[in-house]
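# Residue-level structural notes
So the chains spell out like this:
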Amino acid sequence: MDGGFFRGTSVTQDSRFSNKEKKMIQSLKFPKNFSKTVDIKKVKLDVIKPWIGKKVTHILQFDDEVLVQYIFGMLETDETICPKRMQINIAGFLGEDAASFMKELWKLLLNAQNSICGIPDELMEETKRTLRKKKEEQERIQQELQKISNRHFAKQNENQIQNHNHNQNEMNQNEMNQNQIIDGNTNSNLNTLKNSSITNLTERENSNSSINTNNNESKIIKTKRKSKSKSKS
């Protein structure tokens, strides 16, 4: 016996398993549509996979991602898919439900390959609803982002207005202070001029008074001189 026969040997290479599988296939009754082949390249598998996951969870009553990937792996192949062999392979996981599962799955695959978009009619509406929900969610997120953006810009504008008003108030206050300083300086200059005028006027009056006094003194002296002249005569 060649020792390398058992290393890396697949179930299809093992004649013992192949014969057992053939006997099981012959002993079981399968749906008529199992005789039809599916060109998996025409099927949009990313739409089929969620259905497989939901169906497996419904049957087992718990999530089994390993089994889902196992089933999905049997679909992702370049070889012709045999639905009878797939049913036998998953029977150890799903038990009696394997037959109903494969019947529904094969029906979907046959319908999908005949569809222009590769999606079965049964899942088309669900796909549309999913896409609508995604679109609505994207629109909702976009609206929320727009609201946040609007609030941000409104806050910026409010801050700019407040800063403008603050700066304007400071400018007005500075202008008032400057006007007060100018008014104060003007009043001070006016008072200085007024005091200077008063001083000048006072000085003039004093000067006039001195002149008058001098004139009177001169008159008195002249009068005295005349009197003396008369006395000598």
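Everything numeric in this text was worked out from a predicted model, so none of it was measured.

Counted as a void, the second largest pocket has a volume near 220 Å³. Taken together, 13 residues line the second largest pocket, and the ones lying closest to its centre are Asp46, Val47, Pro50, Thr127 and Thr130. Of all the secondary structure elements, the ones that give two or more residues to the lining of the second largest pocket are α2 (45–60) and α6 (121–232). At six residues, the largest contribution of residues to the lining of the second largest pocket is made by α6. Considered class by class, the residues forming the lining of the second largest pocket number six nonpolar, two polar and five charged.

Now for unusual backbone geometry. Of note in this structure, glutamine 61 is not a glycine but carries a positive phi near 70°. In this structure, glutamine 61 sits in the loop between α2 and α3 (65–75).

Structurally, threonine 57 can be placed in helix α2. Given the relative accessible area of 25%, threonine 57 is considered partly exposed. Not counting residues within four places of it along the chain, the set of residues in contact with threonine 57 comprises Phe62 and Asp63.

This next bit is on the pattern of salt bridges. Enumeration over the complete set of coordinates arrives at two salt bridges. The residue arginine 140 makes a salt bridge to glutamate 137 at a minimum N-O spacing of 2.6 Å. With arginine 140 and glutamate 137 both in helix α6 and three residues apart, the pair spans about one turn of that helix. Given the relative accessible area of 40%, arginine 140 is considered partly exposed.

With that settled, the discussion passes to the nonpolar core. Ranked by size, the top nonpolar core spans 34 residues in total, and within it Ile52, Ile71, Phe101, Leu105 and Leu109 carry the most contacts. Where this core is concerned, the elements lending two or more residues are α2, α3, α4 (83–94), α5 (97–113) and α6. No other element matches the nine residues that α5 contributes to this core. Residue contacts for leucine 109: discarding those within four places in its chain leaves Val38, Ile40, Val43, Ile48 and Leu75.

Calculation rules
Residues numbered from 1 in each chain as written. Predicted model: local features only at pLDDT ≥ 70, side-chain atom pairs only at ≥ 80, totals over all residues. Heavy atoms only, no water. 1 Å grid on protein atoms, 1.4 Å probe; cavity = no way out; pocket = protein on both sides within 12 Å on 5 of 7 lines; lining within 4 Å. Points joined across faces, edges and corners; volume = space filled by probe spheres on them. Helix = DSSP H or I, 4+ residues; strand = E, 2+ residues; numbered from the N terminus. Nonpolar A, V, L, I, M, F, W, Y, C, P; charged D, E, K, R; others polar. Buried < 20%, exposed > 50% of the residue type's maximum accessible area, 1.4 Å probe, protein only. Contact = heavy atoms within 4.5 Å. Salt bridge = Lys/Arg side-chain N within 4 Å of Asp/Glu carboxyl O. Core = buried A, V, L, I, M, F, W, Y, C linked by side-chain atoms within 4.5 Å.

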